Amino acid sequence: MTDIARLVSEIAQEMRGAAERGTVASYIPPLAAIDPGRFGLCVTLADGSVHLAGDADEPFSIQSVSKVFALTQALGKVGDSLWRRVGREPSGTPFNSIVQLEREEGVPRNPFINAGAIVVCDVNLAGHEPRVSIGELLRFVRHLADDESIAIDEAVARAEQTTGFRNIALANYMKAFGNLTHAPELTLGVYFHQCAIAMSCRQLAAAGRFLMHGGSSQPGAPRVVSAQRARRINALMLTCGHYDASGDFAFRVGLPGKSGVGGGILAIAPGQASIAVWSPGLNANGNSLLGTLALERLTEATGWSIFAA
Ligand code: GLU
């Protein structure tokens, strides 16, 4: 059997020494200030054991990884009717692309591109003040991770609010097609705060456990979602979780995964592990360069893959 503890620390050591680290996202000013030398890895196994290396306890901006939790929440509220407003197909376009929206009449391809995630926020906002909706998501994430210390980085949320012109454009465009029910600025307020949730690799891997255990955070614990819903969220992470590099991630890592421009990735080996990695330098597709490489090393060594016999 692979010695996971040793493997995790060997991978972290290799990544610490890597010369090519990608480029830290600069379009959200507070993220531009993050040291590209940081690296954290946490593997939470199905038996509950937690294996950490590097900066695994350092909170970072989870950004689009939050879309997994917001989608889970929206499905809990409106079920499959969500799919009338958001598609389930990979987009093959960058995270913030607007081009498909015109051809597809304001219905985003999937819930993990920005346009789709903004519609998901609009669903979660129904019947609430934005502040309450944000609080509800934060409570849900704290519950999943079993950690009350998780918080929103207000400086990141404010920076996104003042510089998020593409997201503002996406929201307004969808509003014009009738696919936003609230004022764009209200829905965007929820979206920007959701992206600004700060979590460590340890907390993120813990929050992902329900996707490893078929819908419960621990075997025997009350369900967060049904087994079918957990499978479907994993399917969306595999096909859409890395934007126009989702195929490449499936090829190299072979697991459902969701990345964020903060450099975090949550990856799920169903029945085996919930894994969180953080390295702030991004590749050309806006996904963590060393985070992806670390996951590739981990799955090569363990054989974890949803495609394995
Ligand atoms: N808050 C980021 C944005 O909307 C999220 C993008 C990402 O993490 O991929 O631009």
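Look up: the structure comes first, before these words.
Calculation notes
- Residues numbered from 1 in each chain as written.
- Predicted model: local features only at pLDDT ≥ 70, side-chain atom pairs only at ≥ 80, totals over all residues.
- Heavy atoms only, no water.
- Helix = DSSP H or I, 4+ residues; strand = E, 2+ residues; numbered from the N terminus.
- Contact = heavy atoms within 4.5 Å.
- Pairing = 2+ DSSP bridges.
- Axes fitted to C-alpha atoms, helices over the stretch in contact; angles between N-to-C directions.

### With respect to the environment of leucine 31
Phase 1 of the analysis: Positionally, leucine 31 belongs in helix α2 (residues 29-32).
Phase 2 of the analysis: Along the chain, leucine 31 and phenylalanine 192 lie 161 residues apart, while their C-alpha atoms are 14 Å from each other.
Phase 3 of the analysis: Residues in contact with leucine 31, not counting those within four places in the same chain, are Val24, Ala25, Ser61, Gln63, Val261 and Gly262.

### As for the sheet that holds strand β5 (residues 151-152)
Phase 1 of the analysis: If you trace the three strands from one edge of the open sheet to the other, you get β4-β6-β5, paired in antiparallel fashion. Single-partner strands in this sheet number two, and they are β4 (60-61) and β5.
Phase 2 of the analysis: Relative to strand β6 (residues 197-199), β4 runs antiparallel, the two being bridged by two bridges. Residue pairing for β6: phenylalanine 60 is matched across the bridge by methionine 199.

### Here we look at the sheet that holds strand β3 (residues 50-54)
Phase 1 of the analysis: Reading across the sheet, the five strands line up as β3-β2-β9-β8-β7 and stay open at both edges, with antiparallel pairing between neighbours. Unpaired on one side and paired on the other, β3 and β7 (257-259) mark the two borders of the sheet. The average angle at which neighbouring strand axes cross in this sheet is 10°, direction not considered.
Phase 2 of the analysis: Where β7 meets strand β8 (residues 264-269), three bridges bridge the pair, whose relative direction is antiparallel. Residue pairing across strands places serine 259 opposite isoleucine 265, the latter belonging to β8.
Phase 3 of the analysis: Strands β2 (40-45), β8 and β9 (273-278) of the sheet are contacted by helix α14 (residues 289-302), whose axis makes an angle of about 145° with β9.

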